[in-house]
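# Observations on the three-dimensional arrangement
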Amino acid sequence: MDASLLANISGDWLEALQADWKRDPGSVPAEWSAFFSGFEFASECPPVFSELNEKHALKQSGVQSLIYRYRSIGHLLACTDPLSPCLLQHPLLDLANFDLDYNDLDTMFSCRRYMKPKATLREILAVMNETYCHEIGIEFMHIQDPIERQWLIDKMEPDRNLSNHSVPEKLHVLEKLHQAALFESYLHRKFVGQKRFSLEGGEILVPLLDRIVRCCPKSGITDLVMGMSHRGRLNVLAHIFNKPYESIFAEFQDTLAFGFVGDGDVKYHKGHSSEIDLDGHPLHLTLAANPSHLEAVNAVVEGKCRARQDQYGVDGSSRVMPLLIHGDAAFAGQGSVMEVLNMSRLEGYGTGGTIHIVLNNQIGFTTAPRDSRSTRYATDVAMMLGCPIFHVQGEAPEAALHVAELAMEYRKVYRRDVVIELICYRRHGHNEGDEPSFTQPIMYKQISARPPVNRIYLDFLIGVGTIPADILSAVEKKVLQTLDSAFSKKPLEKKVGFSDKWQNISRVYSPEFVATGVSAETLLTLSRKLAELPPGFMPHRKVQGLIQKRFEAVLKGFGIDWGNAETLAYATLLNQGASVRISGQDSRRGTFNHRHCYVIDSNDERSYTPLKSVSMENASFDAWNSLLSEFGVLGFEYGYSLETPNSLTIWEAQFGDFANGAQVVIDQFIASGETKWNRASGLVMLLPHGYEGQGGEHSSARMERFLQLCAHGNMVLACPSSPAQIFHLLRRQMLQSFRKPLVVFTPKSLLRHPLCVSSVEDLTNGAFLPLIADAIEASVVRRVLFCCGKLYYELLEERDRLGITDTAIVRIEQLYPIDVRALTSMISGFPAGCRFIWVQEEPQNMGAWHHIHEHFEDMSIPVIYVGRPPDACPAVGSHKLHLEQQADVVNKAFSL
């Protein structure tokens, strides 16, 4: 009955109606009869809360609080450290905190969901302790979604976080532990003194990974991409990826002819891939190559996974899973970890949940946890995600398997990250030649006294007695026989070159001419589509004007600015079936307000992407405003490019020198990934560069650093100076026969410079020009100014102002590899006695001067430097001083 109805009824009327009901219940409507019956029943009942009932209710409330407390902090009592005694009690879990005592142990209390409807406090404590305080500690009550929390409770408490394993499963676990332990001791004997970064002390990682792999078919996963550092890597390669022992042995024997490409890398940095069959379910395993820089590979793995997921389509995240293995000190200490964790739920970077395994050695090189982190757990940084964190005793393989299954199921259901910390130890020093007892004598005295985990598990199985001793011993014999057999074998020949989707891509840079022009008709058609907006869509009036202006420029055939040419490059590639992905801080609009590839409605903020309207069915366009990160996002896009040779993948820095924050990715992956690991990339980096008086941090993209990394045609460095050049350059990156990283020093002021425009004819004819010379009669030239970037326009304006006719200006548009043949031919066309001058905005110890000077020396041609003097900082902070310096550079170019 509606309560508002009662509020509007008079008391006299209600009493009269009740009197009628008492005389004859059938004389009033049915709903009133029910109302009066309930009222009479309630008035006849005795008080519910007697003193005894109230006391029990308070204790019942205490029990519920106790259960909640165990779920929240039970992990503090969990026996997860093999090197420390187990805690038996914690003051926050004392019964007195909940108005309970030992006299209540046999009192029955109501329970919910996790066990029978009622249980004694003794039974409840047993369930709580066994679930949360044994070999698995769980942090999950920080998860804000109550449905997720309850899902985990329902999965853990009914079976008390224990799994029953069959005899074949137990034997398989024993075999994996024997493989992990005996492989390490075998290497130690056969290759004395060689570094291998042993897994000893953390062998439990192998059965854990094995179980995750075996859970993949049930989870619908067809691709598992892993990243890990050097510790235990050889073990994982051998026993998870099935890399042949003989191939690993050959690397220890340093057989240079074995699969050697470029410079190569140490054996514990190399990547690997394999196809395995799991009862008819194929699974592709990938271990990404990585440098020694801990955690640097994480973002690369996420990018590789996202690329594969995008290629698979809508079910991509259910088919491709990233798995990252971390060290305890690195997980807590490296900022790149937080950057990658922060990507997990972002639309442009999420991968549907990553399994994180933290192999906790309880030491970082020689540094103890108390000196390397301010948190209780190495995994506390992951609390930011609100994901479950499992702490597992490093000598409890069956507990690890249980967590592996639970983590995989959680990831399947919720598409979120999961963290598993294996608390173990490192049996040797940082490497096998290091002496850890110099700095941790007590810890390593304990470790030396502990048997390896394969022996511990073997003794456990013998003690249980369900498996005959001869069967158990046969497992170890089989592993040893396999190792001995492989040691006498020759390794299989390794194929050199690219494979799979890369097999048609050349690995050699070529200065080949690549026709990148597009017909005027196609440009006009695409430009018209780009200018069309959905009915009723109202962008900002300035943006709408910009869109219309771009179309009109193509229609007229001239006045195409930088943003227009860049957009047309993407449009033509999309129209030819190539996908385009742009990522970076504010990349949709562009830092300098020039791109606007996503248009926003001024009324409701819905977005429209004009470039999607010109894409072929199999091509996609995405531009993502990234998280405020360089290291993580550039690593992600590099990983993405490794999987997409036929797509244009671009990372844009907000300002060019912001790439400093990603120097590890540039040095260790982009510049050297191919020569070390045979991994090519066509990644494009757009780095705004130019001196406009914005100070030391917003002027230089540090081209000298990139030039220093260049050798053997490993990268392409370009500084295009016109809209047509960026149009052809971006198209060339996709149409050429090879893939190399492309670093583009893009302009800022040129985006709106009245002279920096191109015509439709410039886009329809020719290609990207590595060198551009003046259209000036060579015979009258007495001075040749070489430059790059926006400085060309300043020199051009000054030459015109001075009325100088004997000076040619040559733009070096491709800084590396320089087209030496074209440069030599151009120089030979000038009269003898010409003075050749290199002009740059950057200080003499920066920019391209040393690179250019070296080339001129090789050609035995003297060249004069004009630019700022050497400096510790790229640019001055004073705008007035900047203008004076800039004018001085331009003046000197013509007054020498």
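The rules behind these values
Residues numbered from 1 in each chain as written. Predicted model: local features only at pLDDT ≥ 70, side-chain atom pairs only at ≥ 80, totals over all residues. Heavy atoms only, no water. Phe/Tyr/Trp six-rings, centres within 6.5 Å; stacked < 30°, edge-to-face > 60°. Helix = DSSP H or I, 4+ residues; strand = E, 2+ residues; numbered from the N terminus. Buried < 20%, exposed > 50% of the residue type's maximum accessible area, 1.4 Å probe, protein only. Pairing = 2+ DSSP bridges. Right-handed = clockwise from strand over helix to strand, strands pointing away. Core = buried A, V, L, I, M, F, W, Y, C linked by side-chain atoms within 4.5 Å. Contact = heavy atoms within 4.5 Å. Salt bridge = Lys/Arg side-chain N within 4 Å of Asp/Glu carboxyl O.

Another aspect to go through is the packing of aromatic side chains. Using the criterion set out here, one finds 28 aromatic pairs in the structure. Aromatic side chains Tyr 186 and Phe 487 sit 6.1 Å apart centroid to centroid with 75° between the ring planes, which places their arrangement in the edge-to-face category. Taken as a pair, Tyr 186 in helix H7 (residues 167–190) and Phe 487 in helix H19 (residues 469–487) lie far apart in primary sequence, 301 residues in all. Centroid distance Phe 191 to Phe 249: 6.0 Å. Interplanar angle 40°. Geometry classified as tilted.

Summarising burial for strand E23 (residues 835–843): eight of the nine residues are buried, a large majority. Pairing of strand E20 (residues 783–787) with E23 involves four bridges; the strand directions are parallel. Looking at the pairing, Phe 786 lines up with Trp 838 of E23. By the bridge criterion, four bridges tie E23 to strand E24 (residues 864–868) in an arrangement that is parallel. From the neighbouring strand, Trp 838 faces E24, where its bridge partner is Tyr 865. Crossover handedness for the path E23 to helix H31 (residues 849–858) to E24: right-handed.

Of all hydrophobic cores here, the largest spans 92 residues; its most connected members are Leu 323, Ile 355 and Ile 357. No other element matches the nine residues that helix H16 (residues 397–414) contributes to this core. Ignoring anything within four residues of it in the chain, the contact list for Ile 357 reads Leu 205, Leu 208, Leu 209, Ile 212, Leu 323, Leu 324, Ile 325, His 326, Ile 420 and Leu 422.

Structurally, Trp 849 is set in helix H31. On a C-alpha basis, the gap between Trp 849 and Tyr 865 in space is 7.4 Å, while along the polypeptide they are 16 residues apart. Excluding residues within four positions of it along the chain, Trp 849 makes contact with Trp 838, Gln 840, Gln 844, Val 863, Ile 864 and Tyr 865.

According to the stated counting rule, one finds 36 salt bridges in the structure shown. Put simply, Glu 395 and Arg 450 hold a salt bridge, and the shortest N to O gap is 2.6 Å. Taken as a pair, Glu 395 in the loop between strand E9 (389–393) and H16 and Arg 450 in the loop between helix H17 (441–449) and helix H18 (453–464) lie far apart in primary sequence, 55 residues in all. Residue classification places Glu 395 among the buried residues on the basis of a relative accessible area of 12%. Owing to a relative accessible area of 26%, Arg 450 belongs among the partly exposed residues under this scheme.

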